[in-house]
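Residue-level structural notes
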Number of protein chains: 2
Amino acid sequence: MTDLFAKRPSGCPVAFGLDTFGDRWTLLIIREMLLGAKKTYGAFLEAEEGISTNILANRLKQLEADGLVEKRRDPENFRSFLYDLTDKGYALAPVLFAIIRWSGQYDSRSDRLTGMVERLAQDEAGLLAEIEARRARDRAARA
Amino acid sequence: MTDLFAKRPSGCPVAFGLDTFGDRWTLLIIREMLLGAKKTYGAFLEAEEGISTNILANRLKQLEADGLVEKRRDPENFRSFLYDLTDKGYALAPVLFAIIRWSGQYDSRSDRLTGMVERLAQDEAGLLAEIEARRARDRAARA
DNA sequence: CTGGATCCCAATAGATACTG
DNA sequence: CAGTATCTATTGGGATCCAG
């Protein structure tokens, strides 16, 4: 197995963040969980713009190892698993928001296609409340 | 030449951001420019925790292509170049801040080693003013 | 069957040596 | 100083395989 995400001994908080989610796919998975309320391997496969199965498996494992995600059996379907964001994972919401705002300023296509830019501009409080409610529910489900 | 950062036709603002700076090095270069006020190839080589020369060259080229950075001759040293952030580059400050805050919450080492976490917590306004002053100066220098 | 992970191989990123 | 060349390691796509 590759030593993906070997930690640099940097001490810089930017580098620490990048060591955790600084690749092309990890934040897209977090996006699906945090903004899209997706929870299953299959849902991630559909949603991510063409992520490969090996990459998805690898990143989910890494996210678990880093404590951003917890895996548990689906109580409604014992053959399936659920991946929940932990508090540490939900704490990335401001990072996603900052990226979305930046893209909203500089990408002319993306706001029409997703609505997330407007949503964030017009009703950040509502969006945060919605996310916070899910976070509390996930936390209860994991306990 | 590699087709690094080939754009995904995603339409998602998160994906758009990641297409621009979603790798292990780009944001570290931006960090040096934005928070460290570094401007030269040599300064980046020293500051980045061991970035390779080809990677640095590649990323600087890509940043120029994406309009986050502009390259010009150093007026004080005609054999050297200066790399300035554009407004689009400076607009990534909130992304860096969000990452730093997250790391401040979850990395026990990084705040002692850089002081940036405390700086951000205690004097964000001062930090922003400092960055804004540099942005204005860079903009004048490029014009 | 179907969700989840692995294998194989082509494509990319990266480290080091070297150059205009 | 600011890169390119070369060579190795890692990443990622797609098929395959395994467990229930």
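Everything discussed here concerns the structure shown above.
The structure displayed is predicted, hence computed values, not measured ones.

What counts and what doesn't
- Residues numbered from 1 in each chain as written.
- Chains lettered and ligands numbered in written order.
- Predicted model: local features only at pLDDT ≥ 70, side-chain atom pairs only at ≥ 80, totals over all residues.
- Heavy atoms only, no water.
- Least-squares fit on C-alpha atoms with pLDDT ≥ 70 in both.
- Contact = heavy atoms within 4.5 Å.
- Buried area = accessible area lost by both parts, 1.4 Å probe.
- Salt bridge = Lys/Arg side-chain N within 4 Å of Asp/Glu carboxyl O.
- Polar contact = N/O pair within 3.5 Å; in protein donor to acceptor, adjacent residues only side chain to side chain.
- Helix = DSSP H or I, 4+ residues; strand = E, 2+ residues; numbered from the N terminus.
- Nonpolar A, V, L, I, M, F, W, Y, C, P; charged D, E, K, R; others polar.
- Buried < 20%, exposed > 50% of the residue type's maximum accessible area, 1.4 Å probe, protein only.

1. As for the relation of the copies chain B and chain A
Superposition record for chain B on chain A: RMSD 0.0 Å, screw rotation 180 degrees, translation along axis 0.0 Å. In the structure described here, the two chain copies are related by an operation that fits a two-fold rotation axis. The position closest to the rotation axis in chain B is occupied by the C-alpha of Asp23(B), lying 2.4 Å away. Both copies present the same face, since 100% of the interface residues in chain B are matched by interface residues at the equivalent positions in chain A.

2. Quick look at the interface of chain B and chain A
Between chain B and chain A, the contact holds 44 residues from the first and 44 residues from the second. Interface of chain B and chain A: buried area, both sides summed, is about 3900 Å²; carbon and sulfur atoms make up 72% of it. When the area that chain B buries against chain A is broken down by residue, the three leading residues are Pro13(B), Arg24(B) and Trp102(B), summing to 20%. For the interface between chain B and chain A, the tally reads 0 salt bridges. Taken together, the connections running from chain B to chain A amount to 6 residue pairs in polar contact (both at pLDDT 80 or more). The leading source of residues in the side of chain B that touches chain A is helix α6 (residues 93–106) of chain B, at 10 residues. When the residues that make up the side of chain B that touches chain A are grouped by side-chain class, the tally is 26 nonpolar, 9 polar and 9 charged.

3. Thoughts on the pattern of salt bridges
Residues and elements named next belong to chain B. Per the counting criterion, the structure on display carries 26 salt bridges over all chains. When the shortest N-O distance is used, the salt bridge between Arg72 and Asp84 registers 2.5 Å. With Arg72 in strand β1 (residues 69–74) and Asp84 in strand β2 (residues 77–85), the pair connects residues that are 12 residues apart, well separated along the chain. Its relative accessible area of 0% is what places Asp84 among the buried residues. The residue Arg119 makes a salt bridge to Glu130 at a minimum N-O spacing of 3.3 Å. Overall, Arg119 belongs to the partly exposed group, its relative accessible area being 28%. For Glu130, a relative accessible area of 38% translates into the label partly exposed.

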